[in-house]
Amino acid sequence: MKTAVISPTPSTALIDDQERLETSRAESDELAAAKAELEQGRAQLYGVLDRVRAAFSAERGIVQVLAEAEQIDEVADSVLDILCESFEFDTATLWLLDPEDGKLYALSHHAASTPRARFLEARIQSLQLSLNEGIAGRVFVEREVLLSEEAPSVSERELGMLLEDDGLRIVCAFPIMGDGVPLGVIEMERSKTFAPDHAIESAVRIIGERIGFFIEFNQLRWRYISLVNGINFGPRRNPEPETNVVPLKRVA
């Protein structure tokens, strides 16, 4: 006679325990996902704050050095140093317009220690860019901030080859604006790509305007001083021209 084997039926309590365990695991997974998302959001927020802080730091630093100078050539090196340090660029050039020949020349150049740095600097110092030529000429004409990840292809030919060799493909260039007219351009390159939420564009636009105001203000100041000196120390003129006066002889 065969004995029938009866499978034990899970008790209601055991089923409830299993459901609670599964629910607890699901809740734990959801909590872990929420924490990861929160950490990611926090990291992004801190990244944005760091970039905004760098932008304010650059602007403040440049305003301070300009306040202690009378001419842009006195502080051009310091301006580029601040920009490269704040925004993490490897090289930067301050181009100004020469009013006599209408071309852009490099007033100052900053370069990190890269394999082609000295060749890059030599090429920049020897250049005079026509308007709309190279990155600086294009930005001067368009009067807009240029952000690009193809610096070698939009740069002047020989400069582009040197940038390519150094891996400097990322460029930020912005105009130095006076009273509605461009006075020059600051051009910066690096190898690190831009963050999606970077704060560079708005910051450099303000910085370009501040530098332009400084240049124009001091140009007017020196013109005023020259005019005053010309008035005060110029050649004196008699109100009437000198004449040879011949005395009349008395009639005897």
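Owing to the predicted nature of the structure, the values given are computational and were not obtained by experimental measurement. Each chain carries its own residue numbering, running from 1 in the direction its sequence is written. Two thresholds apply to this predicted model, a pLDDT of at least 70 for residue-level local features and 80 or more for giving and counting side-chain atom pairs, whereas whole-chain, interface and lining totals are computed over all residues. Working from all heavy atoms in the structure, the side-chain values ignore hydrogens and water.

**Some thoughts on the pattern of salt bridges**
Step number 1: Whenever Lys or Arg places a side-chain nitrogen within 4 Å of a carboxyl oxygen from Asp or Glu, that contact is recorded as a salt bridge. Tallied over the entire structure, the rule returns 10 salt bridges.
Step number 2: We note a salt bridge from Glu88 to Lys192, for which the minimum N-O separation is 3.2 Å. Pair noted here: Glu88 is in the loop between helix 2 (72-87) and strand 1 (91-98) and Lys192 is in the loop between strand 6 (182-190) and helix 7 (200-233), with a separation of 104 residues, a long-range link.
Step number 3: Where Glu201 meets Arg205, a salt bridge forms, and the shortest distance between an N and an O atom there is 3.4 Å. Linking Glu201 with Arg205, this pair stays in helix 7, spanning four residues, or about one helical turn.
Step number 4: Salt bridges sharing common partners tie together Arg123, Glu156, Arg157 and Glu158. A run of DSSP states H or I qualifies as a helix once it reaches four residues; a run of E qualifies as a strand once it reaches two. Both are numbered from the N-terminal end.

**Side note on the pairing of strand 1**
Step number 1: Accessible area is worked out with a 1.4 Å probe on protein chains only. A residue is then buried under 20% of its type maximum, exposed over 50%, and partly exposed in between. Counting buried positions over the eight residues of strand 1 gives seven, a clear majority of the element.
Step number 2: A pair of strands counts as paired when DSSP detects no fewer than two bridges linking them. With eight bridges joining them, strand 1 and strand 2 (residues 103-111) adopt antiparallel strand pairing. Looking at strand 2, one finds that Leu94 is bridged to Ser108.
Step number 3: Adjacent in sequence and paired antiparallel, strand 1 and strand 2 are bridged by four residues, among which Gly102 carries a positive phi angle near 70 degrees.

**Examining the layout of surface pockets**
Step number 1: There is about 350 Å³ of room inside the largest pocket.
Step number 2: If you trace the largest pocket, you find 15 residues lining it, with Ile72, Leu96, Leu97, Ile215 and Gln219 closest to the centre.
Step number 3: Sort the elements by how many residues they give to the lining of the largest pocket and helix 7 lands first, with five residues.
Step number 4: Classification used: nonpolar for Ala, Val, Leu, Ile, Met, Phe, Trp, Tyr, Cys and Pro, charged for Asp, Glu, Lys and Arg, polar for all others including Gly. When grouped by side-chain class, the residues that make up the lining of the largest pocket number 11 nonpolar, three polar and one charged. Every definition here rests on a 1 Å grid over the protein atoms only: cavities are sets of points where a 1.4 Å probe fits but cannot get out, pockets are open sets enclosed by protein on both sides within 12 Å along at least five of seven lines, and lining residues have some atom within 4 Å of a point. Grid points are joined across faces, edges and corners, and a volume is the space filled by probe spheres set on the points.

**What to know about the sheet that holds strand 1**
Step number 1: Within the open sheet, the six strands sit side by side as 3-2-1-6-5-4. Their pairing is antiparallel. If you trace the sheet from one side to the other, it starts and ends with strand 3 (128-129) and strand 4 (146-148), each paired once.
Step number 2: Sheet topology note: the strand 4/strand 5 (residues 170-177) ladder contains three bridges and is antiparallel. Within strand 5, the position partnered with Ser148 by the bridge is Val171.
Step number 3: The sheet strands contacting helix 3 (residues 117-126) are strand 1, strand 2 and strand 3, and the helix crosses strand 2 at an angle near 155 degrees. Contacts: residue pairs with any heavy atoms within 4.5 Å of one another. Only C-alpha atoms enter the line fits that serve as axes; for helices the fit covers just the stretch in contact. Angles between N-to-C directions range over 0 to 180 degrees.

**Focus: the nonpolar core**
Step number 1: For this analysis, a nonpolar core means a set of buried residues of the types Ala, Val, Leu, Ile, Met, Phe, Trp, Tyr and Cys, connected via side-chain atoms within 4.5 Å. Residues Ile72, Leu83, Phe87, Ile186, Met188 and Ile211 are the most contacted members of the largest nonpolar core, which totals 34 residues.
Step number 2: With nine residues, helix 2 is the single largest residue contributor to this core.
Step number 3: Counting 20 residues, the second-largest nonpolar core is a separate cluster that includes Trp95, Ile124, Leu129 and Leu162.

**Topic: the packing of aromatic side chains**
Step number 1: Any two rings among Phe, Tyr and Trp, with Trp reduced to its six-membered ring, count as a pair given centres within 6.5 Å; such a pair is stacked if its planes are under 30 degrees apart, edge-to-face if over 60, and tilted if neither. As enumerated under the stated definition, the model contains two aromatic pairs in all.
Step number 2: Taking 6.5 Å as the distance between ring centres and 55 degrees as the angle between the ring planes, the aromatic pair formed by Phe89 and Phe194 counts as tilted. Placement of the pair is Phe89 in the loop between helix 2 and strand 1 and Phe194 in the loop between strand 6 and helix 7, with a sequence separation of 105 residues. Comparing Phe89 with Phe194, the two get one shared label, buried.
Step number 3: Taking 6.2 Å as the distance between ring centres and 25 degrees as the angle between the ring planes, the aromatic pair formed by Phe213 and Phe217 counts as stacked.

**A word on unusual backbone geometry**
Step number 1: Positive phi values are uncommon outside glycine, yet Asn132 reaches one of about 80 degrees.
Step number 2: For Asn132, a relative accessible area of 52% translates into the label exposed.
Step number 3: The residue Arg143 is not glycine, and still its phi comes out positive at about 60 degrees.
Step number 4: For Arg143, the position within the fold is in the loop between helix 4 (134-142) and strand 4.

**Some thoughts on the environment of Val154**
Step number 1: Among the secondary structure elements, Val154 is positioned in helix 5 (residues 151-154).
Step number 2: Distance from Val154 to Ile135, taken between C-alpha atoms, is 6.2 Å for residues 19 residues apart in sequence.

**Points about empty space enclosed by the protein**
Step number 1: This structure, assessed with the given rule, holds one cavity of 30 Å³ or more.
Step number 2: What the largest cavity holds in volume is close to 40 Å³.
Step number 3: In terms of lining, the largest cavity is formed by Thr93, His109, Leu120, Ile124, Leu159, Leu163, Glu187 and Glu189.
Step number 4: Within the residue set of the lining of the largest cavity, elements represented by two or more residues are helix 3, helix 6 (157-165) and strand 6.

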